[in-house]
Amino acid sequence: MNLFDLFPNLTVGNHEITSERTIKYNCIAWAARSTDRWWQPGVHWPIRSSQEDLGVGDLVLAFKSLGYDESPEGRFEVGFEKLAIYGSGLMYTHVARQLPDGRWTSKLGQLEDITHSTPEALEHSDYGEVVQFMKRPVHPDQDR
Amino acid sequence: MPSTSISQSLHERFQKLKDNWKARTRHLSNVGQISLVFSYQSIIGMGPEVVPLILAELESEPDHWFWALEAITGENPVSDDIAGDMEASAKAWLQWGRRKGLLAK
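Cut-offs and rules
- Per-chain numbering applies: the sequence of each chain, read as written, is numbered from 1 onward.
- Each chain gets a letter, beginning with A, and each ligand a number, beginning with 1, in the order they are written.
- Only residues with pLDDT of 70 or above have their local features reported here, since the model is predicted, and side-chain atom pairs are shown and tallied only from 80 upward, although totals for entire chains, interfaces and linings are computed over all residues.
- Hydrogen atoms and water are omitted, and side-chain values are computed over all heavy atoms in the structure.
- Two residues form a contact once any of their heavy atoms are found within 4.5 Å.
- What gets called buried area is simply the loss in accessible area from a 1.4 Å probe that two parts show on being joined, summed for both.
- The working definition used for a salt bridge is a side-chain nitrogen of Lys or Arg within 4 Å of a carboxyl oxygen of Asp or Glu.
- Under the rule applied, a polar contact is a pair of N or O atoms within 3.5 Å (in protein, one hydrogen donor and one hydrogen acceptor; residues adjacent in sequence only if both atoms are side-chain atoms).
- Only runs of H or I of at least four residues qualify as helices and only runs of E of at least two qualify as strands under DSSP, and these elements are numbered from the N terminus.
- Think of it as three bins: nonpolar holds Ala, Val, Leu, Ile, Met, Phe, Trp, Tyr, Cys and Pro, charged holds Asp, Glu, Lys and Arg, and polar takes everything else, Gly as well.
- Two strands make a pair as long as DSSP finds a minimum of two bridges between them.
- Throughout, exposure labels follow a simple rule: accessible area from a 1.4 Å probe, protein chains only, divided by the maximum for the residue type, with under 20% read as buried, over 50% as exposed, and the rest as partly exposed.
- Under the pairing criterion, centres of Phe, Tyr and Trp rings, with the six-membered ring standing for Trp, must be within 6.5 Å; the plane angle then separates stacked pairs below 30 degrees from edge-to-face pairs above 60, leaving the rest tilted.

Visitor: Explain the interface of chain A and chain B here, please?
Guide: One frequently used descriptor of interface size is the decrease in accessible area upon assembly of the parts. Listed as interface residues are 25 residues of chain A and, on the opposing side, 24 residues of chain B. When chain A packs against chain B, close to 2,000 Å² is buried across both sides, 53% of that on carbon and sulfur atoms. Between the two partners, chain A and chain B, sit one salt bridge. Between Glu-87 of chain B and Lys-24 of chain A there is a salt bridge, with its nearest N and O atoms 3.7 Å apart. On the surface where chain A and chain B come into contact, there are 14 residue pairs in polar contact (both at pLDDT 80 or more). Of all the elements, strand E4 (residues 91-98) of chain A adds the most residues to the side of chain A that touches chain B, at three residues. Here the residues of the side of chain A that touches chain B are counted per class, giving 13 nonpolar, seven polar and five charged.

The structure is reproduced here in structure tokens:
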């Protein structure tokens, strides 16, 4: 299956592949700028957790521990970095991080990293839909 | 149990389920979602006989077999300091398999 089969909203024009495939890290790690671990509750996670902490709320708490707060929308705001959290049912499925130019970056499971124009580009797939945006202030020395 | 003594039918069933699971989950990030796929649950349901096959597969390509291995065996040889490191976790399970005689040395 190629990316267009997996993500019906993706088009040639709304995304670009930005890395090789790797299983070393996942979208949660990538959103948190870590590329040496697969972040998973009960395995490697920023807060105390169990393997059953698979809900959207569990992921929101994890990113709160990294300085993010809930945001009502994902529109680009100067001075803030935003996340789009995707869910299907009650389970979290994916996180995308907004780039300084307003586009978004995602690690697709153990496939590639991509840049996509909007969070909606990955919706209506096994990722479900964006169920929560989060944001935190950008620090001047932060690696974007 | 060495993998060479595993029946052909068990081996074929595992290969079929494994291929289905991998094709359906490579783009997923939540191991809960990855392991809830029917083919993965079916592999767990095959029980201890399938462990040598999982270990052989893990030896050829790191993947999210840790949940299944722990569910089947009740063990977890992955220490906290390497948890989340896919390569190191795979090595820990392969060492465990060799100690148990479930994988060629």
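Structure's up, so let's keep going.
Visitor: Explanation requested: the pairing of strand E7 (residues 129-137) of chain A in the structure shown.
Guide: Successive side chains on a regular strand alternate, one facing one side of the sheet and the next facing the other. Residue and element names in this part refer to chain A. Sheet topology note: the strand E2 (residues 69-71)/E7 ladder contains three bridges and is antiparallel. Of the residues in E7, the one forming a bridge with Asp-69 is Lys-135. Where strand E3 (residues 80-88) lies against E7, eight bridges are found, and the strand directions are antiparallel. Of the residues in E7, the one forming a bridge with Phe-80 is Pro-137.

Visitor: It is not clear to me how the pattern of salt bridges should be interpreted in this structure. Could you clarify?
Guide: For the structure on display, the rule yields 19 salt bridges over all chains. Residue Lys-64 of chain A is joined to Glu-70 of chain A by a salt bridge in which the shortest nitrogen-to-oxygen separation is 3.1 Å. Looking at Lys-64 of chain A, the relative accessible area reads 35%, which means it is partly exposed. A residue is classified by how much of its surface remains accessible, and Glu-70 of chain A, at 39% relative accessible area, is partly exposed. A salt bridge links Arg-103 of chain A to Asp-101 of chain A; the shortest N-O distance between them is 2.9 Å. Take Asp-101 of chain A: its relative accessible area is 49%, and that puts it in the partly exposed class. Connected through salt bridges with shared partners, the residues Lys-18, Asp-19, Lys-22, Arg-26, Glu-57, Glu-61 and Asp-63 of chain B form a single ionic network.

Visitor: Explain the packing of aromatic side chains here, please?
Guide: Aromatic ring pairs are reported here in terms of the distance separating the ring centres and the angle at which the planes meet. Taken as a whole, this structure holds 11 aromatic pairs over all chains when the rule is applied. Consider the rings of Tyr-86 of chain A and Tyr-127 of chain A, whose centres lie 6.1 Å apart with planes at 65°: the pair is edge-to-face. Highlighted residues: Tyr-86 of chain A in strand E3 and Tyr-127 of chain A in the loop between strand E6 (113-116) and E7, separated in sequence by 41 residues. Considered together, Tyr-86 of chain A and Tyr-127 of chain A belong to a single accessibility category, that of buried residues. Taken together, the ring pairs in this structure connect Phe-14, Trp-21, Tyr-40 and Trp-65 of chain B into an aromatic cluster.

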